[in-house]
Each structure stands twice: as C-alpha cells, then as structure tokens.
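Chain by chain, the residues:
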Amino acid sequence: MEPAEMTGNSELQNDMAETSNLAQDDVPVQGEAKKAAKTDKPVLSEGADAQQSVPDPADDLLVPESHRNGDVSHQENGKETAKASEDGLPPEETGKDTPGGEKVEKDDQEVIVIQDMGFNIKVVAPGIEPFELQVSSQEMVQEIHQVLMDREDTCHRTCFSLQFEGNVLDNFAELKNIEGLQEGSVLKVVEELYTVREARIHMRHVRDLLKSLDPADAYNGMDCSSLSFLNVITEGDIEMKKRKRSDSDSVDCTPPDYVMPGAKERPMLPLQPISKDLKSPQCLKVLTASGWNPPPGNRKMHGDLMYLSVVTAEDKHFHITASTRGFFVNQSTQETFNPRPASPKCTAHSLIELLNQVSPIFKRNFATLQKRRVNRHPFERIATPFQVYSWTAPQMDHTIDSVRAEDAYTSRLGYEEHIPGQTRDWNEELQTTRELSRKNLPERLLRERAIFKVHSDFVAAATRGAMAVIDGNVMAINPGEEAKMQMFIWNNIFFSLGFDVKDHYKDYGGDYAAYIAPSNDLKGVRAYNGVDIEGLYTLGTVVIDYRGYRVTAQSIIPGILEREQEQSVVYGSIDFGKSVVTNDRYLELLEKSSKPLKILPHKVINDQNEEVQIISSVECKGIVGNDSRYYVLDLLRTFPPDVNFLPMDGEDLSEECKLLGFPRKHKHKLACLRQELIDAFAENRYLLFMRHAALQLMNIRSKKATTVEEEQKISKRLVAAAQGLSSPDLPAKDVPDVQNSLTTSTADDSHNPAQPTTQTDDQPASQSTDIQTKEAAESDVDAASREVIHAACRAIGSLSDSEFDIRFNPDVFSPGVMHPNPQGDQFRKQKQLVKDAAAFLVSHQIAGFVKDCLEHSITAIDGQSLCEALHDRGINMRYLGKVADMLAQYKPLEHIHRIAVSDMICRAAKHQFKVFMQGVEMLCLSAAVAHFLNCLLSAFSNPHPQLPEDFGLNMNKKKKNKKKSRHYPIANHVDREWASLSPPDMWANIKAEVKEYYDFDLNCDSSDSAVETYGLQKTSLLREICIKCGVQVLLREYNFDSKHRATFTEEDIINIFPIVKHVNPKATDAYHFFQSGQVKIQQGFLKEGFELINEALNLFNNVYGAMHAEIAACLRTLARLNYILGDPVEALNNQQKAVLMSERVLGIDHPNTITEYVHLALYCFANQQVSAALRLMYRARYLALIVFGEDHPEMALYDSNIGLILHGVGEIDLSLRFLDNALELNRKYHGGRSLKVALNHHLLARAFSCRGDFRAALMHERETYTIYKSQLGEQHEKTKDSSECLKHLTQQAVVLQRTMNEIYKSGSQATIPPLQISPPSASSVLELINVINGIVFLPLSQKDLDKLQHRHQLLGGAAESKVKEMQAIQPAGETSPRTVAMPTVATPTVATPTVAEGENSQADITDTDDIAAR
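The shown structure was predicted, so the numbers you read here are calculated from the model rather than taken from an experiment.

### Some details on the overall build of the protein chain
A tally of regular secondary structure across the protein chain gives 47 helices and 26 strands. Counting the 1414 residues in the protein chain, one finds 58% classified as buried. Surface accessibility of the protein chain: about 58,800 Å² in total, with carbon and sulfur atoms responsible for 50%.

Okay, here's the thing in structure tokens:
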C-alpha cells in the first residue's frame, strides 16, 4: 500500500495471536488518528512456522521494509546486520558460509527470517471504479479493511467483508496463507448485514470522520490526539511544495517583530498559529442517538437496531433508523414515535450515503473535508502511544457529541464493551506478555510489541481512573474511612492516595514520605523490569498527580483482596523490618537480579531474634498470587539511602560532603541514590581497581623478573577477579576459578590447576625435579596474584578481598532494622560503601556536570532538559541548590544558573500548589488556580479571587462537610482558606521551601524582583509552572506588569490535566541496532551505520507502531546521514517526519522540537526552499524566546543561521542584526578569543563588504585574523585564508577611498566605478551554514586518504575515541576533488551520527571551534 494510504492496524490480535487471555480488539479503532495507529506490519511467523530449523527459501528477510511511515529504502544486507546484532559480530563477518540464506545463532538460537513479498491486487467496491492496492504478503486481511476505511472513496463503509473467488476472507488471515492470491488478484468488497454492535461502530466511525480535522481532542488531551503546527508554519506540506515550486516563487524574508533580536515582547498567540484550513467545514449541526432508543420488541423483530437524530446544516430535522440492511429516514419526530420509512423513501447501506441524499450541504462539505483529511501528512493524524497535553489552548466552541458523552459517562475505556469478557484483566495481560518466549529476534519483537501495546493501554486506563477517583466519580472500597485513607478499584485497577495511612510512614516523614514513596517505588519497578528476570513479576504501576493529589494505580495481584496482608507476604516485612520473613524461591529469583542491580545479599534479625537472609530492602514484599506467580512490590528502597540527606548520630561523612553542609535534614527519610549513580560509581571503582592492579603489577615487575607466561597468568586471574561482578552478563572464558585458586594452599599440589593430574612412582628424577621447580613457580604466581588482587580490593573498598565486589546493602542505615554483628568489619565496609557513593555524587558527578557545561557538551534550555541532564549523571534534583551554587562561580554558565534558579522556584511553587489545591472545592477550581498564578506572577499587589456564589450552602454546617469528605477523596471545604493567600505569603513560602529543600538562598520576594535579580522572564515561568502542575491556560496575551489589575481571571484557566509517570517499555533489539549503527558511524563506516539505523527504524516501528520519541530520534539520525551521503531530498523527507513526530509525542515547544526545526531549516535551504527555511528558523527562534529567552548560547546558533540565510537572499541589513546578536552571545559565553567568535567576525565582514562598508568589514576581518593567528598560528590554513581576505578588502577599500578623494578634488564630474561586490552564491552560503551547524568538507589527496585507511585498519575497533577523527572517503572512481567530513560530538538534545565513513560522506560536527581549527 502507498505510504499515504498506509493506515492498517491489526491491533492486539496481531501482537498476541497465541495469548488467549489478552483483550482482542477486533474492531476498527476510534477515529482517523487511531485507524492509522500502526503503520508497521505483522512480520513474525508464529506457531509451527516459528520453530522451523531451516527457513523457507522464499522467506529470507528479517522484517518487511515497505509501507512504513518514516521508513526509507531497505538495504539488502538487513538480514546480515540482524544476525550480526544477535551474535555480537560486525555485519561483514556474518552470512558468508551459510547456504540458502539460513542463519543460525549461537546456542542454537535461530533468527527466523521472513520474506516480505510485495504485490498489487485489484479491489472492486460498490459504486466506484475498481482500483489497485499494493500489499505485503505479511499483512492481514484486517489491515486491508483499515485501509479501505481510510481511503477517501471508501471511508464511509465499515460493515463489509472481502471476498476472493467467492470465498469470504478471514480478517486475521495473512495474505501469504490465502491460496491463489497473487499479483493482479481481484478482491471484492461485499456489504454485510449490520448488528447493534456494527451499527454503533459505524456511527462512531462517521463521527470520527466528521471530527477528523477538529483539534478539540488535541487541546482537551483526549484519545491520544496532540498538536502539530509544522505544515501551518511552512504553509503546506514541504514535499508537496517542492514538487509544485516554480522559479517565480518570491522569497518572503521579513521576520515578525517579536522574533527580531532585542525584542522585549513575548507574545503567546503565535505559539499555536491558526491555519485557515484548521477549522473543518460544518457538515451537520447535530448527530446523536435518538431519545427513542432502544427499539421496542416489535421493532426489533422488524430489524431495527437503533435510532439516530440528525439536524442538517440546512436546519432540517431527521430521525434515522439503523436496521440490519442499512439506514433509512423514518417518520418519527421529537414528540411522536413512528418507525415507518419516510416518503419519499431514503435508504442507504451507510449513513454517509444517506446523509448525502438528504443534505446537499453535507454532500459538498463532506467531500471538501475528506480531501483535506487525506491530504494531511499521516503523522498528523496517527494516535500517539501516550497522551500529550498542551499548557495553552484557545477558546473552543463546545458542540453536541453523543459519542463523547457516552464515553464520558460509562465505566469502560474506549472499545472495551466490544472485547470478549467486557472488562480487561490488566494484571493477567501485563504478566502474560512478559511470559512470552524471547529465544530469538522475531519472538522478542512479538513480546516487546505486546508488552508495549498492553502497557500503553494500561497507562491510559489508569490515568482515566485516577482522574475519576479525584473527581469523585468512583466509589471507595472502604467508604467508611476518612477520605485520605480510602482506596478504590475501577476497571480492574487498584487506586490509592499518597497520604500516610495509619501512621505507616510516621518515622519517615509522614505525608511527605507517603507522597514520595510511589515515585521511589516506580523507580524500583523500572529497575526490576529492566533486569527482566524470568519468573519474577512486578505490578503494572502508574503514578498520577492530579489537582494536588498523588494517586498510585496498580494492577491487582490475583487473590490479594481475599486475604489479609500478613497472610499474603511470604518474603520481606510489612512493618519496616520488625517482623521479617524469607522464602527460598524468592531468594533464588532475587539472586539473579542482585548483580546487575548491585544489591548485596544480607541478613537481618527479626522480632523473634532470628537471622533472616534477604536480597532486597526489608520493605520489599514478596507475594505469591493465586496464579502461582511470584510478585515483588513496595520497591521504594531498591537502591541505597542517600546519607547526605540522612543525619545519623555517630556517622561521619567525607570532608568534601561536610564542606558543602552535609548531612542535611530532609523532609523525609526515603531519599535514595539513583540507579544511574550506582552504575557510574561501580564503573568508576572498576577503573580504579584495574588502575591500582596495574600499578601493583609494575611494582612486582620492578622487584623481580617475571616471565611472560607468569604475567599472563596473573593478568588472567586479575581479569577474573575484576569480572566477578563488573560484567555479570559476560562471564570470563578460559579463566581459572579465582576464588578457588586464591584460597587453596599452594603446598597442596592436588588443588593446583596447572599441576599434572597423574604422577607415577617410576617417574625419572629429572622430571620430578622439573615438577618441583614448576610447583615453586606456581606458588609464586599464586602469591603474586593474591597480593595484587587483595591490594586492589582494599584500595577501592571492595566487599570481598578476592574479587571486585561493589554491591550495596539497602538496609544498612534503615532505622528499626537489626543487623547481625553491626560492629563487624564487613558491616563497616557496607556502610562505608554507601557513604562513598554519596561522596562520589558530590565530588565527582556534580563537578563533572559543571565541567561538561563549561565545555558546552550539555545544553540545558529549560527545567526539563536540565533535569534530564542531571538524572543522566545520577544527580537527584534535591542537589539542585548545590549545583546552582557551583554554576554561579562561572560567568559563562550564567544561562544554566538562570534555568536552575527558575526550576527551583517552579518546583517550590509546585509543592505549594499541591497543598493549596487540596483545600479547594470543585466549585472554585478555576478561581483558585487563577488566584494562585496571580500571587506567583502578577505585579498587582493585592489580587482578590472571584468567589462563586454559594448556591444556598450554609457555611457553618461543618458536620455536613465532614460527612461529605468521607465519600470523596477531596474534602468539599467551603471555608475558602485558599482565598487568603497573598503574593508576599506566596513568595515567603517559596523562599522558605527553596532554602529547606534545596539549601539555596533565594534573593527575591516577588516575581518582579526574581525577574530583576536572576534575569528570568515571566512567560517562561508561566510555561514551567503550568507544565509541572498540569494547568492549561487560555491562549491570549497576558499583561504581567499591570499594577492595577490581576493578570489572570478564572476564565483564563481552561483545564487541569494529570501529570503521569510510568515505566516506558523499551525495544531492546531495536535499541541495540541503533547503538551499533552509531558505533559504526563513529568508526567511519557510514553505509553500514546507515543500514543498521535503518534496520533499527524498522524494528522500532514493529514494537512501537509509527509514533514514538525513539522513532523520531531514528528518523533524525537517518536524515543527517542522508544529508551527509549527498541526498538532501531524502534528508528533508526524513527530517520532516522527525519534526512532526517530535511535535506530536514530545510537545510543540519541547527542546527537541526546537532543535528539529533548526535541522529541517538546514535541509530546506539545501533544497532551495529559502522561504520555508527562514520560516522554520523564525519558528525555532520564537519557541526559544518563549522557553528560555534571548540570553543563551543556543540563540547564537539560531541567529547565525538566520543571518546567513538572509545574507544569501540579499537582505543585508536584516542579516547584520542577527549576526551582531550572535557575535555578542558567542563572545559572552565562549570568550572573546574563541574560534566561534572569529567565525562570527568573518560572517559580519562578509555582510559588511556586500553592503560596501569596507571599513567595518576590515575591522571584523582583522579580529578574525588576530584570533586565528593567536589560536592556530600564522601557518594555519584558516589564518592564511583570513589574511587573503584582509588583503582583498583592503584593496577594495583603497580603490573606494581613492575614488572618493578624486571626487572631492575635481568636483562632481568624476564618477565612482562600480564596486567589485559579488553577491554570495547559494553554495557558499550553504557551506557556511554547514560549518555553523557542524558539517565541514576538507579536500584530501589520495595519499592522505590511503594514510587514513591504513590508520583505521591498525586501530580497528579498539580505540574508538581516536577513531573519531577518521574521515570519509569518496568512491575511487571519481575524478572530482575528494572531500571528507570532520567529526565531533553530537548535539546533546538529539542522537545524531558523529563521524563519516568511506563513501563520499560528510559527518556531523557541532563544535565549531574544532571545525575552525581543522
């Protein structure tokens, strides 16, 4: 099928064909977006096919490569790269000796490879001309159904079957299994009889078609719809525009005033530009289920299924009957029921056809709407896997919609009434998908696809349920309890609130600890899911923050509600360590996860004074469900405690920690180290271990002579000891057992592994002497090995003296937990290791973060990107104050310090918002949120909230209110305490919270002083606080500076949406392909890297569907590679998809989206689409201004790009304004002698010379020359080029001055000869834009290329850090000058390739200093 038409969705049946317990969505998916939800195809053979030892010769590719949105043409060696990934071999080493395409993995694991046979079929449908459709042999019949339901000419049909040669095709049959189906075969569309279910599906489908262009669902955060404005910005699809572009197209270069450098206004309306095509034409006024439903018994027997009420655009009212044969207009009215057909008779099999008959306006407008719908890019309509919410929305008209109303007031999720069993057993689905086989690649793809599908459905259901709980729409299972203690079950999901029930967390921080615990538990679930131990199960867990409440949604363990918790728990403790039990099966399972998670098996003493062995924290509980599965839950302390925030008597921290004021008292005692930190700490200790051992070996070598053989033995034992824990997945091969070899007595010959196993009495004396000499040598080797390993272990604090052992006891500082021998040496080591990890965070990770910022390898542009950068290094956000203090010491890091301060203010405000909202009744929500925002951001000193009328409520009926609060988690207080909040109170609370939580002194007491002191901007603060608190505000211009009226009114608060945290399942094989591709690119093999990343895209599509953030990263990388490999058209195509996807799945103003816009602008310019490139750059600059303002080094990159493009089209004055601003920013953040600054001076010199201002041009070029000369030396090519440029400019200036002097002398008779000013060519501008964005070509001779090739062969893959300097080589047959691209590091916010390979390539560079130097 053509990509534009590719909307097939096999839904869960394709994912879970052999999993009978899962929901089977055998109906069309809701809406236009959801019909296109899966552009991937079912590609895996199942059942008997999956066990073939030799694949069918026809089935020879890994996955189908066609018909995927976001896909590019497949390279032939895709199967070899897949096999290479399986075996850990480079692609070129595989597939050489296996005839017939057979691929067999190590350990007899087989990669099942499947041929995707593409062919064309003819489809014959009633009422239209037959048409051809391209299909794949791996598709199911159901997917052809979906395509027909999306095509413009067949979209009105839902109830039909497909027949081939008179036989009805099974919806879930694969095309390759249909006998006789081949190229040119004819499929006939046959209309079928309706049932009630089919009639309702049809009505929903018609509604979805009518609403397909309506953005209301995206603004309201419903049905996985989200916003995209790329095609509005570019005024149409870029690819379509390129095909239609003519030479007469004018270039519109004028930037909006608010985008110009120095503009103070930050308008919000352009954030969501309104397109003239955005509003869909009105086809009907009303389409709803009639009040006459359901049909009475006598009408059921006449075939009536349901009744519809329609008001057409002509204001005519019709009542329509849905019958088994189709739809017809009946004679009913609002007052009279008359089911007989109207006269003249109007009947049709589909509702659309019937409405076309009764309403000419409907017929005309529906045709227009369908043309617009099918012309939209598929990525604009495909549903996202998880809901994305917008923090702004325009005022939308609320229309009548019976389907929406039905969804809102039923206790199902979407189509659940149409699945077998009606309700979904979420726990069974989640666990069954994890139990699927994973022996080979196809099985793993099937498994991961099923896991992801069920998980995304579970998150949507949990989010909807949590909102219903807080809104008071779900009855508690313990309604007699106080509101905070209530628990809920909805849709087979268990919901609990984040409050300290029965003082469970009394000693750990009370309600605050209870609020933090679900988030920590989620991190534990993520860790155990990542390890993925077979037989060990975790609960489906989602944490939702909504209206100030934290709700934990979990799947339900079978049988857990039928017993007391004490009876259920067979492992762990229910009272924080007083009573502890253990279980052998749990110990066996947890032992497997202890190494990767760095958890130390340890013993604790229970209340009966017994030693109990556990391999987790005591809070971790093991429950065996009625399904005989072993579940672990309460994983809130999976990782060791952060002793920097856990003051304890008698425990001293390192001097570095003490200098920074640690330990500090925190709001709760559940502060734990992050998994990223634990991994980084273990890696650091491993390097120290090897370094220390190397020094010991050098000492041994210097003290006595050792043979090569002895050194090799010592090294082998050292490696074995080091791999004792550092690489649990890579067991050392051919290495003797270190533990045994080091603990056996050297005198005991029988235990020496190098000793002969037999020795007879009649051995010659000489042989006996040789053996004794060998024994002595072996003894020396053993002693040396022990000495080296023991010394290295002691140096790094290893828990074992005989091997590298860095694992943590999570209970080592837990209050209330008793340990055997707490004064012992081993326990002291365990405590010290935890302290060392906390010290490592402070001394190494934070300092490393600041160093990375100074080197510009981190580019944080908002609170979210700063948070991600810190978390990647294992730094918790509670350290943000310390990070900000360190950032403040460096002037070039002013921009990140500003973001850190802004983030602390917003997080402190969020903490206050949580408490604030819990005291607000439903009636006052919008007024309360507006008042909160006024106190936070408005310059008006005394905002008064708009209090609604009380509707006769007696304010003094406290008893009644208390009783009400029992039935709802939100207490319906009417005391209006929230209304007394004032701006001084708000900022006093924020200052106190920032000091208490982050240990940072905030030197401001109002929003205006915060703006003044720290250079913040209120628009960015509003964005951050809305995103963090889940507030949606009206899209309008806000006056934050008015002293006479409040900024926000209650009408400005559009909605409150949930903040959802969950564990996002990963496509592991696809990720490995992606990583392997990036490694290949770094080594210089662009073609192989391209193929691997292309294969990764296919696998990502298989697992995630067509829409996911990781697919966007893949497309971005492919676009970069396309551009590098000389295909800018394909680069534009892939980057356009990456931008659309980033907008849809991350948000229209997400940091990644801004970067995607910049890349797309580059590719547009390379394709001669100058207007589009400028509009995209203006959009990127505008978004950057809203997110972080103008004072940021990233803005220099955007301004350089804009300035160069404007220069290229002759807009010199505009160009100079942007280039001047870029120079100032680079000078501020990179220093006046930076090579970036030199390049900026050179760009300005070019622009001034084009304007004829040679004096200014000379001044800037002299600066360029001075910097190059001081930084690179006089002989460097850049310095020489600048010198030549200076000479040329000087000559031009002299000629001009001489002419001017002659004019002054001789009067007006002399004329000025035309200046030799040539406008820059498009190619020269593109070359400079490439340099600015990190791509540069350097000419190399064949000799240089041969040297580089030889160097690469010598280095191989061992020294990847040095291979980063490898250049790409053009094909040997070319006669044009060869060019290579110089590599460096990719931009922080995106995953891009970094080096080039040997075929006419250029690579990604982002360090312009490095570029200029080369």
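### What about the pattern of salt bridges?
Throughout the structure, instances matching the rule amount to 69 salt bridges. For K835, the salt bridge is made with E651, and the minimal N-O distance between the two is 2.7 Å. Of this pair, K835 sits in helix 24 (residues 825–854) while E651 sits in the loop between strand 21 (630–633) and helix 19 (655–659), and the two are 184 residues apart along the sequence. Taken individually, K835 and E651 each receive the classification buried, so the pair is uniform in this respect.

### Quick word on the sheet that holds strand 5 (residues 186–191)
Pairing is mixed across the open sheet formed by five strands, whose spatial order is 2-1-5-3-4. Each edge of the sheet is formed by a strand with only one pairing partner; in this case those strands are strand 2 (131–136) and strand 4 (167–168). As defined by bridge partners, strand 1 (residues 118–124) adjoins strand 2 across six bridges and the pair is classed as antiparallel. Counted as the bridge partner of V123 is F131 from strand 2. Lying on the sheet, helix 4 (residues 141–148) is in contact with strand 1, strand 2, strand 3 (160–164) and strand 5; it crosses strand 3 at an angle near 125 degrees.

### A few points about the nonpolar core
Core analysis: the biggest nonpolar cluster contains 285 residues, and F849, I990 and L1022 have the highest contact counts within it. With 14 residues, helix 38 (residues 1170–1187) is the single largest residue contributor to this core. In this structure I990 touches I905, A908, A909, Q912, L936 and L1002, once residues within four positions along its chain are discounted. If you look at the next biggest cluster of nonpolar residues, it comprises 32 residues, including M203, L209, F318 and V329.

### Re the confidence of the model for the protein chain
Summing up the model confidence of the protein chain, the mean pLDDT is 79 and the portion of residues at 70 or higher is 75%. Mean pLDDT across the elements of the protein chain ranges from a minimum in helix 22 (residues 738–743), with 34, to a maximum in strand 15 (residues 541–546), with 97. The model gives residues 725–766 a pLDDT under 50, and that stretch makes 47 contacts with residues more than four places away or in other chains. Within the model, pLDDT remains below 50 along residues 951–968, and this stretch shows 17 contacts once partners closer than five positions in the same chain are excluded.

### Digging into the pairing of strand 12 (residues 487–490)
Only one face of strand 12 is covered, namely the face carrying F488 and W490; the face carrying M487 and I489 is uncovered. Relative to strand 13 (residues 493–497), strand 12 runs antiparallel, the two being bridged by four bridges. Bridge pairing in strand 13 links F488 to F495. Counting the residues that bridge the hairpin from strand 12 to strand 13 gives two residues, and of these N491 lies at a positive phi of roughly 55 degrees.

### Observations concerning the sheet that holds strand 22 (residues 1031–1034)
Read across the open sheet, the three strands follow the order 11-22-23; overall the sheet is mixed. On the outer flanks of this sheet lie strand 11 (392–393) and strand 23 (1053–1056), each paired with one strand and no other. Examined bridge by bridge, strand 11 and strand 22 share two bridges and lie parallel to one another. Paired with A393 across the two strands is L1034, which belongs to strand 22. Across the sheet, helix 28 (residues 925–937) lies against strand 22 and strand 23, angled at about 105 degrees from strand 23, the strand it touches most.

### Points about the pairing of strand 8 (residues 317–323)
Within strand 8, six of the seven residues are buried, which leaves it mostly tucked inside the rest of the structure. Bridging between strand 7 (residues 304–312) and strand 8 involves seven bridges; their strand directions are antiparallel. Note on strand 8: the bridge partner recorded for V310 is F318. Taking the residues that link successive antiparallel strands as the turn, the strand 7-strand 8 hairpin has four residues, and the phi of D315 there is positive, at about 70 degrees.

### As for the side chain of R878
Note on placement: R878 falls in the loop between helix 25 (863–872) and helix 26 (880–887). Judged by its relative accessible area of 11%, R878 is buried. In this structure the side chain of R878 is engaged in a polar contact, spanning 3.2 Å, whose partner is the side chain of D642. Only 2.8 Å separates the side chain of R878 from the backbone oxygen of C672, close enough to count as a polar contact.

### A look at the environment of L209
Mapping L209 onto the fold places it in helix 5 (residues 196–210). Its relative accessible area of 0% is what places L209 among the buried residues.

### As for helix 44 (residues 1322–1332)
If you check which residues of helix 44 are buried, you get V1325, L1326, L1328, I1329, N1330, V1331 and I1332. Downstream of helix 44 by one or two residues, G1334 has phi in the positive range, about 100 degrees.

### Topic: unusual backbone geometry
One can expect most non-glycine residues to show negative phi and most peptide bonds to be in trans. Note the cis peptide between N293 and P294, where omega equals -10 degrees. With an omega of 0 degrees, the peptide bond between S343 and P344 qualifies as cis. Mapped onto the secondary structure, P344 falls in the loop between strand 9 (326–330) and strand 10 (347–348). Of note in the backbone geometry, N609 takes a positive phi value of approximately 60 degrees without being a glycine. Summarising the element assignment, N609 is placed in the loop between strand 18 (602–605) and strand 19 (611–614).

### Side note on the packing of helix 39 (residues 1193–1208) against helix 44
Across the interface, helix 39 lies against helix 44 with an axial gap of 10 Å and an inter-helix angle of 180 degrees. On the basis of their axis angle, the class for helix 39 and helix 44 is roughly antiparallel. Here helix 39 contributes L1197, S1200, N1201, L1204, I1205 and G1208 to the contact with helix 44, which in turn contributes V1325, L1328, I1329 and I1332. When grouped by side-chain class, the residues that make up the contact of helix 39 with helix 44 number seven nonpolar, three polar and no charged.

Rules used throughout
Residues numbered from 1 in each chain as written. Predicted model: local features only at pLDDT ≥ 70, side-chain atom pairs only at ≥ 80, totals over all residues. Heavy atoms only, no water. Helix = DSSP H or I, 4+ residues; strand = E, 2+ residues; numbered from the N terminus. Buried < 20%, exposed > 50% of the residue type's maximum accessible area, 1.4 Å probe, protein only. Areas by Shrake-Rupley, 256 points an atom, 1.4 Å probe, with all protein chains shown as cover. Salt bridge = Lys/Arg side-chain N within 4 Å of Asp/Glu carboxyl O. Pairing = 2+ DSSP bridges. Contact = heavy atoms within 4.5 Å. Axes fitted to C-alpha atoms, helices over the stretch in contact; angles between N-to-C directions. Core = buried A, V, L, I, M, F, W, Y, C linked by side-chain atoms within 4.5 Å. pLDDT = per-residue confidence, 0-100. Polar contact = N/O pair within 3.5 Å; in protein donor to acceptor, adjacent residues only side chain to side chain. Parallel < 35°, antiparallel > 145°, perpendicular 65-115°, else oblique. Nonpolar A, V, L, I, M, F, W, Y, C, P; charged D, E, K, R; others polar.

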